[in-house]
Structure formats: structure tokens, C-alpha cells
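Observations on the three-dimensional arrangement
Here's the letter readout for the chains.
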Amino acid sequence: MNAPAALSHLVPDIQQRDVPPALIEALKQRFGDRCSTALAVREQHGRDESSFEAPPPAAVIFAESTQDVADAVRLASGHDTPVIPFGVGSSLEGHLLAVQGGISIDVGRMNKVLSVNPEDLTVTVQPGVTRKQLNEEIRSTGLFFPIDPGADASLGGMAATRASGTNAVRYGTMRENVLALEVVTASGETIRTGTRARKSSAGYDLTRLFIGSEGTLGVITEVTLRLYPIPEAISAAVCSFPSIAAAVHTVIQVIQLGVPIARVELIDVNSVRMVNTYAKLGLREEPMLLMEFHGSPEGVKEQAHTVQEIATEHGGNAFEWATTPEERTRLWTARHNAYFAAIQSRPGCRAISTDTCVPISRLADCLLDSVAEADASGIPYFLVGHVGDGNFHFGYLLDPNQPQERVVAEELNTKLVARALRLGGTCTGEHGVGLHKMGFLVDEAGAGAVDMMRTIKRALDPKNIMNPGKIFSV
């Protein structure tokens, strides 16, 4: 494995470039008080949910239009200065850290839903629109956007990291649900990729090139998305199991039988205990599956009956239903708060979160061995997973005053990724590469494929100003 294990290598490679005073002056002339060099603002835009630390950007631009983004990038390009896009700061792999200095472009004020086309099941939004905001604004149309990564992330950031989440087992990821983009390139040019048509054979698929590029090829300024009718019936259920193995084998059988389940989340006993304390719930403290079924009333009933029978075969018990929106919201809020519940369970800790993904048939092999390693390590952890598509997350809870814990956690992560790759999986199912997975990308894709990525990067960003130092070294 190419991931380093020595403690000295568990910090980002800081190679700060000078930001000329002339650039800061030009940005202030163009943007006025929407260009901030205040330390508090810069620090806010220089950290995310990862455990990495780096110096903050030299300035923050609050963009309100595509033209603002284009002008900021053009000015930065003229001074060979890095540009880092910023949405809401919820990324987990150091994506927005200014490891080579530069300026941060905050697109949070670009938060308008530009057009809704209910008859075509599409919507076009600015990148600062969050997933919850979008679903609130389109509720009256009877449609919804299903991608749910947990955090109320911006849609531009979700496209940039190829996000997915709890609904991916039925509705896919951002890769399948983005139809078109507007992007400001490294030269400050604005281009459009794709259309509102559901398919196209016209030229290179530039939309997919930018999805998952993590801001290293351009700044996304518009996103056109697929929408879906709100299901006629929705039902959620929780089911406890005597072991993680029993829960995982239940999921594998459900997926292999083709049951069109919408969501199926694994929550280990550590997570259940933490969530109970954090949210004052009374969930049974055993490994648990949290499931959701979408469709017609009869279809949902049939799906649920099938899953309940399979769960019972594997020792599942205490099948509890939540059919009202309030009950479902309570359950899913508890799941989405698992990260914050875990952080509060060990005051002052930092979390390292993993997100490997494997073929569904190898899920048990990968997950159970990784649980055994985590238990043996003595590091406090929690485990949750979108296991319906083979994706799961360990969160290792580290005392920042105990450096050896970081080493142990990184060793666990390295073993986990190596195991996932051996089983035909990936080093990151949805968080992206960022800083943390750069070595693993070479192991997964191979040196030749990564060199091809570098060639694309050099062609589209010859000055290496677009979020440099992420995904791979140039």
C-alpha cells in the first residue's frame, strides 16, 4: 500500500505559494467588502470535518454570480495563485484546505433554484443550494431529490465529490443524477456540459469528468439534476440483530433477491449506544438495520414482509415500524447525528472516518474482519454503513494529545482499504480522495491511470491553481 504509516506523514504536505499583495488589492477593488482577509473568516474557510490542519487561505471571496467566480479565477490565474471552492465545509478528507495557499471562493450566496421543470423531472440550481433547501422549495411539485449524504451539503460540493448516501441503493449517486453543469475553468472561462435531455452521445462526457474532480479542474457554478416523484407510500423500520454478521447477511440476501429497498443502514452497537445518549432515544442496544421502503401501499407492504421474513431467518428481532413522517424523521435524524453523537461520547476527540465500498457479495468478508481488527486495537470507534450498496464507515475517535492513537487508526484504515481493494472494492465510496486517500488511489487505479489523470489536470489547469495538492500530486 502506498499510504504512509509514519506519524510524520500523517499531516498534509504544506507547500505554500506566495499570494501577491497586488492580487489582494485587485480582489478588493473588484469585490469590495465581499473580499475578506479577516483571520476569523479565513480560518473558517480553512478547515473542514477532517482531522487535518493547514494554514488558512490568504483571502475569501463571497461570490454571488457566475461572473463573480469567473472574475475571481481570472484574477487568481493572472498571479498564478491557487483557488479553492468552498460550499458549507462539510467534507471529510481535507478537500478545502489551502495546503498551497491561495484564495477561497465561497459560493454559499449562490443559493437560488434557477428553474424547475416538473414535466421533465429536472431542476437547475446554483451550487450553494443545499439538498434540504432544494427539497423544501420543490415540495409543492410532488417531486424530490433523493441523494442524502447525511450532512446538509451544498449541491455543488456534492457534485464535486460525487456524493451519494443513504438512498443510493435505489436512486444511485450524484454520478447518475447530474445531467448538466456550468463550470468556470482555470482560465476563468465559463463552459457548459450536458443538457436537460436524459441521454446524449455527443462527444466526450465532460459532465462526468467534472463530477468527482473535487475542484481540481474547475469551479461548478450551476447544476442540473434529475428529480423523482415523491413515493405514494413510505415506510421505515428498525430491526435489531444478535450480531453484525447476522445483520450483514440479511442485507446481502435482500439485495441479491432484488427487493427494491430504498434505504438500508447498518448501525453497530457502539453507534446505537452513542445515539441513545445524544438524542435521548431508547433504541435496543444491539447491531441494528434501519430500513425504508418506497412505492405503492401494496408494494411497500410486500417489500417489508419479504425483508422481515429474511431478517427473522437471521435472528432479527424487535422489528419496529415508523409510518408517519414524524416517526421516520426521528429515526433518520438519529442516524444522521451518529457522527456528532460519537464526537460527544469522547469529549475533545477528533474522528478519522473511513468509507470503503465493496461488491455486495464480499461485504461480510470485508466488514467482519475489519470489526475484529478495530475491537482488538483498543481505539474507541463507531460503525455505520449504507450497506445496501456495499459502503460502510468506521469512525475512529482519537485523543489529539495521544499521537500514537492516530498512528493506530491510520494502520487500521490502511488494512481496511487493502482488504477492500483485494475484494474488488474501492478506497472511497463517497467521501472522495482529498488529502487522505492520495496514496490509496495509486493502489486502486494503478500508476498508469493516475498518470492519465495528471495529464488531464495539466491540460485543463496548466498553472495548477485549481485546488492543488488534492487527489494526486502534480
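Here the residue numbering is sequential within each chain, running from 1 through the sequence in written order. Residues qualify for local features only when their pLDDT is at least 70, as the model is predicted, and side-chain atom pairs are given and counted only at 80 or more; totals for whole chains, interfaces and linings, by contrast, use all residues. Hydrogens are left out, water is left out, and the side-chain values use all remaining heavy atoms of the structure.

**Observations concerning the overall build of the chain**
Numbering of helices and strands runs from the N terminus, with a helix taken as a DSSP run of H or I at least four residues long and a strand as a DSSP run of E at least two residues long. When helices and strands are tallied, the chain shows 17 helices and 18 strands. For 474 residues, the compact-globule estimate of 2.2 N^0.38 gives 23 Å, and the chain sits close to it at 22 Å. Based on the C-alpha atoms only, the size of the chain along its principal axes is roughly 70 × 55 × 45 Å. Note on exposure labels: buried denotes an accessible area under 20% of the residue type's maximum, exposed denotes more than 50%, and partly exposed covers the range between, all computed with a 1.4 Å probe on protein chains only. In the chain, which comprises 474 residues, the share counted as buried stands at 56%. Of the contacts formed within the chain by residues at least 6 apart in sequence, a portion of 73% connects residues at least 24 apart. Areas reported as accessible are Shrake-Rupley estimates using a 1.4 Å probe. Residue values count occlusion only from the protein chains shown. Only carbon and sulfur atoms are counted for the fraction: they give 52% of the accessible area of the chain, which is about 19100 Å². Averaging the locations of the 42 positively and 54 negatively charged side chains of the chain gives two centres separated by 3 Å. Computation of the radius of gyration draws on C-alpha atoms alone. For the globule rule, the value is 2.2 Å times the number of residues to the power 0.38. For this analysis, residues touch if any pair of their heavy atoms sits within 4.5 Å. Counted as positive: Lys and Arg. Counted as negative: Asp and Glu, with His and the chain ends omitted from the count. Here the site of a charge means NZ on Lys, CZ on Arg, CG on Asp, or CD on Glu.

**Quick word on the sheet that holds strand S6 (residues 122-125)**
Overall, antiparallel pairing links the five strands, which are arranged S5-S6-S10-S8-S9 in an open sheet. Each edge of the open sheet carries a strand with a single partner, namely strand S5 (113-117) and strand S9 (190-194). Adjacent strand axes in the sheet meet at a mean angle of 15° when their direction is disregarded. Each pair of strands is called paired provided DSSP finds at least two bridges between the two strands. Helix axes are fitted only over the stretch in contact, all axes being lines through C-alpha atoms; the angle between N-to-C directions runs from 0 to 180 degrees.

**Some thoughts on the layout of surface pockets**
In this structure, the second largest pocket occupies an estimated 830 Å³ of space. Taken together, 33 residues line the second largest pocket, and the ones lying closest to its centre are Thr-161, Arg-162, Ile-211, Gly-212 and Thr-428. Sorting the residues of the lining of the second largest pocket by element identifies helix H7 (174-177), helix H8 (206-210), helix H16 (438-445) and helix H17 (447-460) as the ones contributing at least two each. Considered class by class, the residues forming the lining of the second largest pocket number twelve nonpolar, twelve polar and nine charged. A pocket here means an open set of points on a 1 Å grid, computed over the protein atoms alone, that has protein on both sides within 12 Å along at least five of seven lines. A cavity is instead a set of points where a 1.4 Å probe fits but cannot get out; residues with an atom within 4 Å of a point line either one. Grid points are joined across faces, edges and corners, and a volume is the space filled by probe spheres set on the points. Under the convention adopted here, Pro, Cys and the residues Ala, Val, Leu, Ile, Met, Phe, Trp and Tyr are nonpolar, Asp, Glu, Lys and Arg are charged, and Gly plus all remaining residues are polar.

**Here's the deal with the pairing of strand S2 (residues 59-62)**
Of the two faces of S2, the one holding Ala-59 and Ile-61 and the one holding Val-60 and Phe-62 are both buried throughout. Across two bridges, strand S1 (residues 35-36) lies against S2 in antiparallel orientation. Paired with Cys-35 across the two strands is Ile-61, which belongs to S2. For S2 and strand S4 (residues 103-106), the ladder comprises four bridges, and the chain directions are parallel. For Ile-61, the partnering residue across the bridge sits in S4 and is Ile-105.

**A closer look at empty space enclosed by the protein**
According to the stated counting rule, one finds three cavities of 30 Å³ or more in the structure shown. Taken as a whole, the largest cavity encloses approximately 80 Å³ of empty space. Taken together, Glu-49, Ser-50, Ser-51, Phe-52, Leu-92, Glu-93, Ala-351, Ile-352, Ser-353, Arg-406, Glu-410 and His-436 make up the full set of residues lining the largest cavity. Going through the elements one at a time, strand S16 (350-353) and helix H15 (403-422) are the ones with two or more residues in the lining of the largest cavity. The biggest single contributor to the lining of the largest cavity is S16, with three residues.

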